[in-house]
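Understanding the architecture of this molecule
For reference, the chains in residue letters:
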Amino acid sequence: MGQGCGFYISSATPETEARMALQFAKVGSGDVFYDLGSGDGVFVIAAANLHAKATGIEIKPSSLDQSKVNAKGTTAKFILGDIFIIPYADATIVEINLGCGPDNYKAISRTCRIAPKARILTPIDADLPDAHIITRSPAGNGSRGWSIYKCGH
Ligand SMILES: C[S@@+](CC[C@H](N)C(=O)[O-])C[C@H]1O[C@@H](n2cnc3c(N)ncnc32)[C@H](O)[C@@H]1O
């Protein structure tokens, strides 16, 4: 399996790809969705439009401000802060796409500690100690493949 790294896998997600990934994960009105590192808010807005309770957590103030502008008129919410400090124990699904390096794996580990029943939507495709892949969408048509992990093995 791939390392889940490199420019393509670590970049922010276009809106059509975010919508496709959320539909693949069957996100809907029963879900409490968090984007851990929400960037310009594309996933959070798309999840809110699918009637999930949707929140983005973002550490960069300028990105958070932009996401609030982008989300005007939707129910999407945003929190300025560090995903390794802010609680999200009520999550039923989280999206994790934190670029290259260990933060993706750390965020998956934290999710499995504080929201162990949540499904995890991520472009990462790797064997992990805390979680296993239950399904993965194929890459193609300009979209990465997306994995859904569940905690435990
Ligand atoms: C590659 S972008 C992904 C944006 C969006 N989630 C997506 O998938 O398109 C990663 C974002 O995570 C944010 N980020 C990185 N570390 C963070 C942390 N510890 N807490 C909150 N946000 C973080 C960055 O500022 C950036 O906006």
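Residues numbered from 1 in each chain as written. Predicted model: local features only at pLDDT ≥ 70, side-chain atom pairs only at ≥ 80, totals over all residues.

Moving on, we get to helix α3 (residues 42-49). The element α3 is extensively covered by neighbouring structure, given that seven of its eight residues are classed as buried. Buried within α3 are the following residues: V42, F43, V44, I45, A46, A47 and A48. The inward-facing, buried residues of α3 contact α2 (15-24), β1 (32-36), β2 (53-58), α4 (61-70), β3 (77-80) and β4 (93-96). A positive phi of about 75° marks H51, the residue just after α3. (Buried ≥ 20, exposed ≤ 12 C-beta atoms within 10 Å, placed from the backbone. Helix = DSSP H or I, 4+ residues; strand = E, 2+ residues; numbered from the N terminus. Contact = placed C-beta atoms within 7 Å.)

Now for the pairing of β2. Burial of β2 is extensive: five of the six residues sit out of reach of the surface. When β1 meets β2, the two strands line up parallel, connected through five bridges. Its bridge partner being in β2, D35 is matched across the sheet by G56. Chirality of the crossover, the property in question, places the unit of β1, α3 and β2 among those that are right-handed. Where β2 meets β3, four bridges bridge the pair, whose relative direction is parallel. Residue pairing in the sheet places T55 in a bridge with K77 of β3. A crossover connection joins β2 to the parallel β3 through α4; in handedness this β-α-β unit is right-handed. (Pairing = 2+ DSSP bridges. Right-handed = clockwise from strand over helix to strand, strands pointing away.)

So, about unusual backbone geometry. The backbone phi angle of K26 is positive, close to 55°, even though this residue is not glycine. Here K26 falls in the exposed class, since 12 other C-beta atoms lie within 10 Å of it. At H51, a residue that is not glycine, the phi angle is positive and equals roughly 75°. If you trace the backbone, H51 turns up in the loop between α3 and β2.

A few words on the site of the ligand. For the ligand, the set of nearby residues contains 23 residues, the closest of which are T13, G37, G39, I59 and N97. Looking at the shell around the ligand, the elements that each hand over two or more residues are α3 and β2. Looking at the shell around the ligand, its residues break down into eight nonpolar, nine polar and six charged. (Near = placed C-beta within 6 Å. Nonpolar A, V, L, I, M, F, W, Y, C, P; charged D, E, K, R; others polar.)

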